[in-house]
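Breakdown of the fold
Spelled out from the first residue to the last, the chains are:
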Amino acid sequence: MSVIEVRGVTKRFGNFTALDSIDLTVGEGEIYGFIGPNGAGKSTTIRILLGMLKATSGSARMFGKDVWKDAVAIHRRIAYVPGDVNLWPNLTGGEVIDLLLNMRGIKNPKKREELVERFELDPRKKCRTYSKGNRQKVALVAAFAQDADLYLLDEPTSGLDPLMERTFQECVREAKAAGKTVFLSSHILSEVEKLCDKVAIIRQGKIIEEGSLAELRHLTRLNVILRTKRPVDGLQGMKGVHHLEEKDGTFHFQVDGEAMDAVIRHISGFGIEHLECLPPTLEDLFMRYYEGAAG
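The structure reproduced in this document is the subject of the present report.

Across its full length, the protein chain holds 10 helices and 14 strands. The principal-axis extents of the C-alpha atoms in the protein chain amount to approximately 70 × 45 × 35 Å. Within the protein chain, the proportion of its 295 residues that are buried is 46%. Surface summary for the protein chain: the accessible area is close to 14,800 Å², and the carbon and sulfur share equals 49%. Computed over 41 positive and 41 negative side-chain charges, the separation of the two mean positions in the protein chain equals 6 Å.

This is the structure:
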């Protein structure tokens, strides 16, 4: 069953097209990564899903309901964390968490306390004294203390230190283990890579690729580290070989998947001492799509 279905959604602000006919499908129980640089259209997409913005054209549905017409019913089943949390300055962090949970009719003090402790949040401090990271913690505690069916997370770890990022990742995995769905918008590629079952890459308002990490890695190059008994020649300019560098007799380069067979046959004649072929990271994939994108 699809929790989120977006078909041909376009959003224009005057003459500016923020989203250009995007399609997304998020299945039940999936952790879905939505990645792109700032300004690519990630937050606009999430605001449409939340019913905060109306799409210029196309359709967007969550739980089979129209996100604009049925926003109230949809909101009962979701938890949302924005990338820049604004809180009531004169309330304490604990009071804000309790307010948000009470608005949803949620009474689960044990879960709340457990999350406050895990995120190392001091709930007694006034929100005006909180750093950006602590404001994010308040929103994350309030979100994960809910028994939501869908967690919509828009750059949720912005301002968190690495230790708290790990805590966040644990919470996401626990939500998945409980059968929940997570939609994670991020430009932190390592975070998406660690967590997500499926990924969509958005660039300038268009989805340029969607699929599982295994499927997307199929489209990019392998990273190769090579050391041979005799000096290698002929690699430079060889079809499918990119970014060749040599240092102290060790070669580092990238190879297109379809060229790997020819490259292996070529280098085997020089006596291979060490050969390492590393699957590309999401960072490699992302950078490949954005090569030359500036301007």
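Between the first and last C-alpha of helix α6 (residues 162–177) there are 23 Å, a value that for 16 residues agrees with the 22 Å anticipated at 1.5 Å per step. Of all the residues in α6, the buried ones are Met164, Thr167, Phe168, Gln169, Cys171, Val172 and Ala175. Looking at the buried side of α6, the elements it contacts are β3 (31–35), α4 (109–118), α5 (132–144), β7 (150–154), β8 (181–186) and α7 (189–195). A side-chain oxygen of the first residue of α6 lies 3.0 Å from the backbone nitrogen of Leu163; this N-cap is Asp161. Within two residues after α6, Gly179 carries a phi angle of roughly 85°, on the positive side.

Residues Lys54, Arg61, Lys65 and Lys69 make up a contiguous surface patch of positive charge. Of note, Arg61 is situated in strand β4 (residues 57–62). On the accessibility criterion, Arg61 (37% relative accessible area) is partly exposed.

By the element assignment, Arg265 lies in helix α9 (residues 260–267). Judged by relative accessible area, which is 56%, Arg265 ranks as exposed. With 123 residues separating them along the chain, Arg265 and Ala142 place their C-alpha atoms 57 Å apart.

We now examine the sheet that holds strand β11 (residues 222–228). An order of β12-β13-β11-β14 is seen for the four strands of this open sheet, with the pairing classed as antiparallel. Single-partner strands in this sheet number two, and they are β12 (241–247) and β14 (272–278). Going from strand to strand, the sheet's axes swing by 15° on average, the running direction of each strand aside. Sheet topology note: the β11/strand β13 (residues 250–255) ladder contains six bridges and is antiparallel. Residue pairing for β13: Val224 is matched across the bridge by Phe253.

Locating Arg112 in the fold gives a position in helix α4. In this structure, Arg112 is in contact with Gly94, Ile97, Asp98 and Val141, ignoring residues within four places of it in sequence.

Along its 13 residues, α5 runs 18 Å from first to last C-alpha, staying within 8% of the 18 Å computed at 1.5 Å per residue. The buried fraction of α5 is high, at 10 of 13 residues. Along α5, the residues that are buried comprise Gly133, Gln136, Lys137, Val138, Ala139, Leu140, Val141, Ala142, Ala143 and Phe144. Residues of α5 that are buried in the fold lie against β6 (78–81), α3 (93–103), α4, β7 and α6.

Conventions used here
Residues numbered from 1 in each chain as written. Predicted model: local features only at pLDDT ≥ 70, side-chain atom pairs only at ≥ 80, totals over all residues. Heavy atoms only, no water. Helix = DSSP H or I, 4+ residues; strand = E, 2+ residues; numbered from the N terminus. Buried < 20%, exposed > 50% of the residue type's maximum accessible area, 1.4 Å probe, protein only. Areas by Shrake-Rupley, 256 points an atom, 1.4 Å probe, with all protein chains shown as cover. Lys, Arg positive; Asp, Glu negative; His and termini not counted. Charge placed at Lys NZ, Arg CZ, Asp CG, Glu CD. Expected span 1.5 Å × (residues − 1). Contact = heavy atoms within 4.5 Å. Polar contact = N/O pair within 3.5 Å; in protein donor to acceptor, adjacent residues only side chain to side chain. Patch = residues over 30% accessible without salt bridge, like charges linked within 9 Å, V, L, I, M, F, W, Y side chains within 5 Å. Salt bridge = Lys/Arg side-chain N within 4 Å of Asp/Glu carboxyl O. Pairing = 2+ DSSP bridges. Axes fitted to C-alpha atoms, helices over the stretch in contact; angles between N-to-C directions.

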